[in-house]
Amino acid sequence: MVIPISSKLASVNLFSKNQPSSKISFTTGVNSKVNDISSSQFIPINIQVSNKSRNSKQLTSSANAQIAKAEDINTEISKSLTDIYAILENLVELSEKASDSSYTDADRTEFNTQANEYLDTIENYYNSAELYDIKILQGGGQVISSGSNGEEYFMQYGNVDKTYLNINSIDLTTNASSSLTSLSSALEKISGDIQNIDSEGKNLSSLRKTNNNSLSILNKEINSELSREAALEAFDMAKASILVDVEKLTELQGSKLSVSVVTNMLESLKTLSQAVEEITTDTTTQNLENDKESSS
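The sections below set out a description of the structure shown in this document. Source: prediction; values computed, not measured.

Basis of the calculations
Residues numbered from 1 in each chain as written. Predicted model: local features only at pLDDT ≥ 70, side-chain atom pairs only at ≥ 80, totals over all residues. Heavy atoms only, no water. Buried < 20%, exposed > 50% of the residue type's maximum accessible area, 1.4 Å probe, protein only. Helix = DSSP H or I, 4+ residues; strand = E, 2+ residues; numbered from the N terminus. Pairing = 2+ DSSP bridges. Salt bridge = Lys/Arg side-chain N within 4 Å of Asp/Glu carboxyl O. Core = buried A, V, L, I, M, F, W, Y, C linked by side-chain atoms within 4.5 Å. Contact = heavy atoms within 4.5 Å.

Considerations on the pairing of strand β6 (residues 152–156)
Next up, step 1: Along β6, the buried face is formed by Y153 and M155; none of E152, F154 and Q156, which line the opposite face, is buried.
Next up, step 2: The hairpin turn running from strand β5 (residues 141–145) into β6, its antiparallel successor, is 6 residues long, and G150 in that turn takes a positive phi close to 80°.

Some thoughts on the pairing of β5
Next up, step 1: With 5 bridges connecting them, β5 and β6 associate as antiparallel partners. Each residue of the ladder has a partner; that of V143, found in β6, is F154.

Here we look at the pattern of salt bridges
Next up, step 1: Applying the stated rule across the entire model yields 5 salt bridges.
Next up, step 2: Notably, a salt bridge pairs R208 with E71, separated by 2.7 Å at the nearest N-O pair. Placement of R208 in helix α6 (residues 176–253) and of E71 in helix α3 (residues 51–99) is noted, with a sequence separation of 137 residues between them.
Next up, step 3: What makes R208 partly exposed here is its relative accessible area of 26%.
Next up, step 4: One salt bridge in this structure joins D105 and R108, with 3.4 Å as the shortest N-O distance. Taken together, the positions of D105 and R108, both in helix α4 (residues 105–128) and 3 residues apart, correspond to about one turn of that helix.
Next up, step 5: Relative accessible area serves as the criterion here: at 58%, D105 is assigned to the exposed category.

Let's talk about the nonpolar core
Next up, step 1: Counting 38 residues, the largest nonpolar core has L88, I122, V160 and I167 as its most contacted members.
Next up, step 2: Among the secondary structure elements, those contributing two or more residues to this core are α3, α4, β6 and α6.
Next up, step 3: Ranked by residues supplied to this core, first place goes to α3 with 12 residues.
Next up, step 4: Those residues in contact with I167 that lie beyond four places of it in its chain are L88, L119, I122, K162, S182, L183 and A186.

The following block contains the structure:
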């Protein structure tokens, strides 16, 4: 009697040597023995996960850690430059007063004393502002990893060096007008630097969000693959169990197995193969959706 098998079942090679199974060896016949069926020889699922996905996840996570530090530095630089901007506003106000002829020489001497105190404060910021062992107000910057494919991003530090700001020689007693020009120029420079730093903060935030989206997609891919591998493993172990049953029945009945027993075993294999096929299809569909999300 020929028992029909569905096309889905027929399309799956149930006894393929390529299945990720444990070692199974058996012989048929009245005196046959089943040996060496051991689930302990299955390759762990976490090792079966695509190396590409896992490496991408690791690189993206590492990049995000660097971006997070860069964001901390960026925030601190922005705060410090805002403080320096306020100090420079006070210096400009003092130089404007010193340029006003209604003030006496004694007033200008007092203005100059206050101005030097403000300059000392700026110098203190320059020397002491630090985060993650980085002097964040002495110019320059650093290259950080920004993505899973080795992308790099250069982030800049602040710079409140008095030479850079051209405010090394401020004298409100005899040269208030020239000092006002220099201080006003320094104020504009710091204002532009603050805008650049804030814009960089937005760039870093955007990079981090992009990486988070990538991590979300990678996690879905890994979970899909884990589900598929788990299903294949369960399928293979069930197949091994059925083979054991076949062997036991063969021992008892020789080669004469009842049609009902064969039918039941084939139905079990069909159900298992359909389950694996559905999971594989779901994984493919999910990967296509992930690709769409990634491209958008």
